[in-house]
Amino acid sequence: MIIGPKYKIARRLGARIFPKTQTTKFSISGSANKPRPKGRRRSRGGSEYGVQLIEKQKARFTYGLKNHQIANYVSAVRSRQGDPRTNLFQTLERRFDNVVFRLGLAPSRQAARQLVTHGHIMLNGRRLNVPSHQVKIGDVVTIRLQSQSSGITNELEERLKDYQAPAWLCFDDGKKAGEVIADPLASDMPSDINLTAILEFYSRV
């Protein structure tokens, strides 16, 4: 997925959704938390539809999704039992590339997606190059042995020193393996993305 100029997108959405925008400079600039609609769409930013659109875009760029992917996720969670908001959050978090990122095996979701698509990551002992694959409880994620010796993990140990994976994931530093031990917790829902607004956005279309 080609994202485009990250600073410009983050300023437009008023959210630090990319690693490079999670800096003191970006915060001090006043860009964060100030959605900036452009041109004739300026009035839309304050409307209910405009707010919902911004929240959808935040989620899309945060998780690196295409429009049809997030639309499909919303459609799927509406047909399931339980709270649609929680179901949507868990669906997004269970993406294979997101799990690789959450385990600390990559510095960003974009980098995690590249590791997956290039075949460097294994799921339950088999190479899997599908970033959107939904992991399940009990699944084990590892870096392919040949990839470990090729320099993929050069910065991994340093990155993992101060990193704490979410409670629903368990990482064995010795084996360089992570396991899904529970469902993503509703309490871990991002405070900067309004999932309810996203569900409401797709109820219009």
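What counts, and where the lines are drawn
Residues numbered from 1 in each chain as written. Predicted model: local features only at pLDDT ≥ 70, side-chain atom pairs only at ≥ 80, totals over all residues. Heavy atoms only, no water. Helix = DSSP H or I, 4+ residues; strand = E, 2+ residues; numbered from the N terminus. Buried < 20%, exposed > 50% of the residue type's maximum accessible area, 1.4 Å probe, protein only. Contact = heavy atoms within 4.5 Å. Areas by Shrake-Rupley, 256 points an atom, 1.4 Å probe, with all protein chains shown as cover. Pairing = 2+ DSSP bridges. Salt bridge = Lys/Arg side-chain N within 4 Å of Asp/Glu carboxyl O. Core = buried A, V, L, I, M, F, W, Y, C linked by side-chain atoms within 4.5 Å. Axes fitted to C-alpha atoms, helices over the stretch in contact; angles between N-to-C directions. Parallel < 35°, antiparallel > 145°, perpendicular 65-115°, else oblique. Nonpolar A, V, L, I, M, F, W, Y, C, P; charged D, E, K, R; others polar. Phe/Tyr/Trp six-rings, centres within 6.5 Å; stacked < 30°, edge-to-face > 60°. Lys NZ or Arg CZ within 6 Å of the ring centre and 35° of its normal.

S.K.: Can you tell me about the overall build of the protein chain, naming the residues and giving the values?
M.R.: Along the protein chain, the regular secondary structure elements total ten helices and five strands. Every one of the 205 residues in the protein chain was classed for burial, and the buried ones make up 45%. Long-range pairs, those at least 24 residues apart, make up 55% of the contacts in the protein chain with a sequence separation of at least 6. For the protein chain, the accessible area works out to roughly 11,300 Å², and carbon and sulfur atoms hold 48% of it.

S.K.: Any details on the pairing of strand β4 (residues 169-172)? Residues and values, ideally.
M.R.: Pairing between β4 and strand β5 (residues 177-180): four bridges, direction antiparallel. Across the sheet, the residue bridging to Leu169 is Val180, located in β5. Taking the residues that link successive antiparallel strands as the turn, the β4-β5 hairpin has four residues, and the phi of Lys176 there is positive, at about 50°.

S.K.: Break down the pattern of salt bridges for me, citing the residues and quoting the values.
M.R.: Under the definition given, this model contains seven salt bridges. The salt bridge involving Glu158 is made with Lys161; its shortest N-O contact spans 3.2 Å. Overall, Glu158 belongs to the exposed group, its relative accessible area being 55%. Across the pair Lys176 and Asp173 runs a salt bridge, and its minimum N-O distance is 3.7 Å. When its relative accessible area of 43% is taken as the criterion, Asp173 is described as partly exposed. Residues participating in the shared-partner salt-bridge network are Arg95, Asp97 and Arg113.

S.K.: Requested: an account of the nonpolar core, with residues and values cited.
M.R.: It is characteristic of soluble globular proteins that their nonpolar side chains tend to be buried jointly. If you look at the biggest cluster of nonpolar residues, it comprises 22 residues, and the most contacted ones within it are Phe96, Val99, Val100, Leu105, Ile121, Val141 and Leu169. Contributing elements (two or more residues each) for this core: α6 (96-102), α7 (109-117), β1 (121-123), β3 (140-143) and α9 (156-160). Examining the composition of this core, we find that four residues originate from one element, α6, more than from any other.

S.K.: For the packing of helix α4 (residues 67-78) against helix α10 (residues 195-203), give the residues involved together with the corresponding values.
M.R.: Pairs of packed helices are described in terms of their axes, by the angle between the two and the distance that separates them. At a minimum axis distance of 10 Å, the contact between α4 and α10 shows a crossing angle of 95°. Relative to α10, the element α4 is oriented roughly perpendicular. Taken together, the residues of α10 that come into contact with α4 (itself represented by Asn67, Ile70, Ala71, Val74, Val77 and Arg78) are Ile198, Leu199, Tyr202 and Ser203. In terms of residue class, the contact of α4 with α10 is built from seven nonpolar, two polar and one charged.

S.K.: How would you sum up the packing of aromatic side chains? Please name residues and give values.
M.R.: Taken as a whole and judged by the stated rule, the model has two aromatic pairs. Seen in terms of ring centroids, Phe201 and Tyr202 are 5.0 Å apart; in terms of plane orientation they differ by 85°. Their pairing is edge-to-face. Like Phe201, the residue Tyr202 is buried in the burial classification. Following the ring pairs from residue to residue traces out a cluster consisting of Tyr49, Phe201 and Tyr202. When the ring centre of Phe61 is taken as origin, the NZ or CZ atom of Arg60, which lies over that ring, is 4.5 Å away. Of note, Arg109 hangs over the ring of Tyr63, and the distance from its end group to the ring centre comes to 4.6 Å.

S.K.: Summarise the sheet that holds β4; cite the residues concerned and give the values.
M.R.: The strand order across the open sheet formed by five strands is β2-β1-β3-β5-β4, and the pairing between neighbours is antiparallel. A single partner strand is all that each edge strand has here, and the edge strands are β2 (126-127) and β4.

S.K.: Hey, could you go over helix α5 (residues 84-93) for me, with residue numbers and the actual values?
M.R.: Of all ten residues that make up α5, eight are buried, and the element is covered over most of its length. Along α5, the residues classified as buried are Thr86, Asn87, Leu88, Phe89, Gln90, Thr91, Leu92 and Glu93. Looking at the buried residues of α5, the elements they touch are α3 (48-63), α4, α6, α7 and α10.

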